[in-house]
Amino acid sequence: MTGKDTQPPSDLSEAKSALVDAIRGRLGDNLRDVWVLDERTQEPLYLRPDVADRVSDIDVEKFLDNERYGFVTRQTYNLLHYSEFRYTHRGFDTWELFRTFVVGESTQVGVVVGVDPDGDCCDFGALTDVIWELGETYGAASLAPVATE
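For clarity, every value in this text was computed on a predicted model and none was experimentally measured.

Topic: the overall build of the protein
And step 1. Counting its regular elements, the protein contains four helices and five strands.
And step 2. Going from N to C terminus, the protein has its helices and strands arranged as α-β-β-α-α-β-β-β-α.
And step 3. The C-alpha radius of gyration computed for the protein amounts to 15 Å, which stays within 12% of the reference 15 Å derived for 149 residues, consistent with globular compactness.
And step 4. By its C-alpha atoms, the protein is 45 × 35 × 30 Å across when sized along the principal axes.
And step 5. Taking all 149 residues of the protein together, 46% fall into the buried category.
And step 6. For the protein, restricting intrachain contacts to residue pairs at least 6 apart in sequence, the fraction spanning at least 24 positions comes to 63%.
And step 7. Each charge sign in the protein was given a centre, from 14 positive and 28 negative side chains, and these centres are 2 Å apart.

A look at the side chain of D38
And step 1. Inspection of the secondary structure assignment puts D38 in the loop between strand 1 (31–37) and strand 2 (42–47).
And step 2. Although buried, D38 forms no salt bridge, and the nearest oppositely charged side chain, R40, lies 4.3 Å from it.
And step 3. For D38, the side chain forms a polar contact with the main-chain nitrogen of R40, separated by 2.9 Å.
And step 4. Those residues in contact with D38 that lie beyond four places of it in its chain are R68, F71, Q108 and P145.

Some thoughts on the side chain of T41
And step 1. Along the chain, T41 turns up in the loop between strand 1 and strand 2.
And step 2. In this structure, T41 is in contact with V36, R68, P145 and A147, ignoring residues within four places of it in sequence.

As for the pattern of salt bridges
And step 1. In total, this model carries nine salt bridges according to the counting rule given.
And step 2. A salt bridge links R48 to D116, with the shortest nitrogen-to-oxygen separation between them at 2.7 Å. Of this pair, R48 sits in the loop between strand 2 and helix 2 (49–55) while D116 sits in the loop between strand 5 (108–115) and helix 4 (124–138); the two residues are 68 residues apart in sequence, bridging distant segments of the chain. Each member of the pair R48 and D116 is classed as buried.
And step 3. Through salt bridges with shared partners, a single ionic network connects R32, R48, D50 and D116.

Points about the environment of D50
And step 1. The topology assignment puts D50 in helix 2.
And step 2. Looking at D50, the relative accessible area reads 37%, which means it is partly exposed.
And step 3. Each C-alpha atom, one on D50 and one on F71, is 29 Å from the other, the two residues being 21 residues apart in sequence.
And step 4. Within the local environment of D50, its side chain forms a polar contact with the side chain of R48, the two groups lying 2.6 Å apart.

A short note on the sheet that holds strand 3 (residues 87–91)
And step 1. If you trace the five strands from one edge of the open sheet to the other, you get 2-1-5-4-3, paired in antiparallel fashion. On the outer flanks of this sheet lie strand 2 and strand 3, each paired with one strand and no other. The sheet shows a mean angle of 15° between the axes of neighbouring strands, taken without regard to direction.
And step 2. Here helix 1 (residues 14–27) sits on the sheet in contact with strand 1, strand 2 and strand 5, set at roughly 45° to strand 2.
And step 3. Of the strands in this sheet, strand 3, strand 4 (96–103) and strand 5 are in contact with helix 4, which crosses strand 4 at around 35°.

Rules behind the numbers
- Residues numbered from 1 in each chain as written.
- Predicted model: local features only at pLDDT ≥ 70, side-chain atom pairs only at ≥ 80, totals over all residues.
- Heavy atoms only, no water.
- Helix = DSSP H or I, 4+ residues; strand = E, 2+ residues; numbered from the N terminus.
- Rg over C-alpha atoms; globule rule 2.2 N^0.38 Å.
- Buried < 20%, exposed > 50% of the residue type's maximum accessible area, 1.4 Å probe, protein only.
- Contact = heavy atoms within 4.5 Å.
- Lys, Arg positive; Asp, Glu negative; His and termini not counted.
- Charge placed at Lys NZ, Arg CZ, Asp CG, Glu CD.
- Salt bridge = Lys/Arg side-chain N within 4 Å of Asp/Glu carboxyl O.
- Polar contact = N/O pair within 3.5 Å; in protein donor to acceptor, adjacent residues only side chain to side chain.
- Pairing = 2+ DSSP bridges.
- Axes fitted to C-alpha atoms, helices over the stretch in contact; angles between N-to-C directions.

Encoded structure:
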């Protein structure tokens, strides 16, 4: 993989580029993809070339629609539990998925990250902290997906 393949697209905003850089800083070459989503749309911020090839013939929107249920479950957990919901981690046979939400006054943004497992446990709590700090720095709205037509 060349350096060109591992950089976020140059047309990303400063906030979204900082998000990808921070996640990549935590996950290194194990980072597969980064998506942001709201309740209606999604935007890919980073797709490693081999992952882009794999998802080119599937309906990624259906997959991400499932992740949108997190907007409801996050609220439910926060109402029913004494602790604040922070993130979800799921393991698949060839990769892992991490999801958290950046929340502003009137904006909620889901951040979905694909990771190659390497036998070591990623500190998803620390990754959540980094993402939430960026949300505080730039504002949740700056991380919201840009709708594509």
